[in-house]
Amino acid sequence: MSFNVTARYFDGKTSAAQNVTVIIDDRDVLIDDPDGEICKIARQDLLLCEKPETNRPLRLRRAQDNGMRIVFDAQDASSVADALRHGSPAVAVDEASRKSITRLISGIVGFTVLVGLTIWLGVPVAVNLVADHYPRQSEIALGKAGREQILFALEQLEDDFAVCTPKNAADRAVQQIVAQLSNSTPFEYDYDVTFVRSNIPNALALPGGQVLVFSGLLDIMESQEAFTGVLAHEIGHSEKHHGLRNMFSNIAVTQLIRLISGGSAMVPAEFILQQGYTRDMEREADQFAFETMERANIRMTDTAVLFGKLNKTLKDGAHGLDLPEMFSSHPDMEARIAQFENGPSTGAVDISDQDWQALKSACDD
Ligand SMILES: [Zn+2]
């Protein structure tokens, strides 16, 4: 016995919906798209996103959530629910559905509040308010999803690209540096540094504690203190929620709705790739790095030397791939070099030379 119904299909990768025919039979659910391609999913691999209710649309997702959604109209919901319940096995309801509904509602409320505040207070104030109250766990999930998207995009764009697998000593060194910094300046997030093989001398921060460091930057670093300066700057972007602020102020309304309703926190790569930080954000991150290093008693002159080198490399020529946080677009490069040159010239990072070498060669085979 089988049951046919039309539905909207979201592939979990783009926000566009497809109209499809869904065939529910005793063992599988088949999705037939307009191009005639059929996708078969076993019943046990599916979950209902919520308990079926009269006059409410019904959503189906994969048990291993990949963002894919099949949405049935309210009028079909009860017959679809019946068809899914009868058969072996019956399709279960997501245990966490209550939670996601709460999240959806608070998301919509948050969005409405954002629009309201924007009208009353102007965009920047409203954006900061909302960014400050965005749930911490969601920001972490957003950063992780963003990292995956950036890595995916880089893989398409750069031939030589690879995610590096540094030695344990390198990870240990990073965590030790983070610990030394956070000792006097407690951080909101745990920091996770991903090393990426690329000639571009770059580093970037994503929401919720994700930092990417490119090997092109490691190559021109002369000391662990210079690395620490860059890391402290990136941590500044994360701690001050700059990514989130950018997102709220610039993202298209449809994307925002998708973000707060989908729960899977997919960030389009093209968005992150185009997104630079504002001049004020850069200054704020520099100030954060300066104060954090000062409190941790770490010399800043090495960071100034590194910035000087970057400035020179970047003046000599572009790198072809325009990424945010590419230090070329950094405002007032001369002023920032002067700021760090005038910072403390003594005080070291507590990692062994061996661990620093492991960190510096994180992307060497
Ligand atoms: Zn920056």
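Residues numbered from 1 in each chain as written. Predicted model: local features only at pLDDT ≥ 70, side-chain atom pairs only at ≥ 80, totals over all residues. Heavy atoms only, no water.

Requested: an account of the overall build of the chain, with residues and values cited.
When helices and strands are counted, the chain shows 14 helices and 12 strands. Taken across its 365 residues, the chain has 50% of its residues classed as buried. Put simply, 65% of the contacts in the chain that link residues at least 6 apart link residues at least 24 apart. When the accessible area of the chain is evaluated, it comes to approximately 17900 Å², of which 50% is carbon and sulfur surface. (Helix = DSSP H or I, 4+ residues; strand = E, 2+ residues; numbered from the N terminus. Buried < 20%, exposed > 50% of the residue type's maximum accessible area, 1.4 Å probe, protein only. Contact = heavy atoms within 4.5 Å. Areas by Shrake-Rupley, 256 points an atom, 1.4 Å probe, with all protein chains shown as cover.)

Now, about the pairing of strand 6 (residues 58-62): what can you tell me, with residues and values included?
Direction of pairing for strand 5 (residues 46-48) relative to strand 6: antiparallel, over a ladder of three bridges. Looking at the pairing, Leu-47 lines up with Arg-61 of strand 6. With three bridges joining them, strand 6 and strand 7 (residues 69-72) adopt antiparallel strand pairing. Residue Arg-59 lies in a different strand from strand 7, and its bridge partner there is Val-71. (Pairing = 2+ DSSP bridges.)

Can you lay out the state of the cysteines for me, pointing to particular residues and giving the numbers?
On inspection of all chains with the given rule, the structure shows one disulfide. Each disulfide pairs two cysteine sulfurs, and for Cys-164 the partner residue is Cys-363, the sulfurs being separated by 2.0 Å. Linking Cys-164 and Cys-363, the disulfide has an S-S dihedral of approximately 100° and is accordingly described as right-handed. A residue pair is termed long-range when its members are at least 10 positions apart, and Cys-164 in the loop between strand 9 (162-163) and helix 5 (168-184) and Cys-363 in the segment after helix 14 (353-360) qualify at 199 residues. Residue Cys-164 shares its accessibility class with Cys-363, and that shared class is buried. (Disulfide = S-S within 2.5 Å.)

Please set out the sheet that holds strand 10 (residues 192-197) residue by residue, giving values where relevant.
Taken in spatial order, the four strands of this open sheet run 9-10-12-11, and their pairing is mixed. At either margin of the open sheet sits one strand with a lone partner, and together these are strand 9 and strand 11 (203-206). Of the pairings in the sheet, the one linking strand 9 to strand 10 comprises two bridges and is antiparallel in character. Counted as the bridge partner of Val-163 is Val-196 from strand 10. Sitting on the sheet, helix 7 (residues 224-239) touches strand 10, strand 11 and strand 12 (210-214), and the angle it makes with strand 11 is about 30°. (Axes fitted to C-alpha atoms, helices over the stretch in contact; angles between N-to-C directions.)

Outline the packing of aromatic side chains, supporting the account with residue identities and numerical values.
Applying the stated rule across the entire model yields five aromatic pairs. Look at Phe-187 and Tyr-191: their rings are 5.7 Å apart centre to centre, the planes differ by 80°, and that puts the pair in the edge-to-face class. Residue classification places Phe-187 among the buried positions, given a relative accessible area of 15%. A residue is classified by how much of its surface remains accessible, and Tyr-191, at 4% relative accessible area, is buried. (Phe/Tyr/Trp six-rings, centres within 6.5 Å; stacked < 30°, edge-to-face > 60°.)

Which residues make up the packing of helix 5 against helix 11 (residues 279-296), and what values go with them?
Running from amino to carboxyl end, helix 5 crosses helix 11 at an angle of 90°, the nearest separation of the two axes being 8 Å. As the angle between them shows, helix 5 and helix 11 are arranged roughly perpendicular. Within the contact between the two elements, helix 5 uses Gln-180, Leu-181 and Ser-184 and helix 11 uses Thr-292, Met-293, Arg-295 and Ala-296. A breakdown of the residues in the contact of helix 5 with helix 11 according to their chemical character gives three nonpolar, three polar and one charged. (Parallel < 35°, antiparallel > 145°, perpendicular 65-115°, else oblique. Nonpolar A, V, L, I, M, F, W, Y, C, P; charged D, E, K, R; others polar.)

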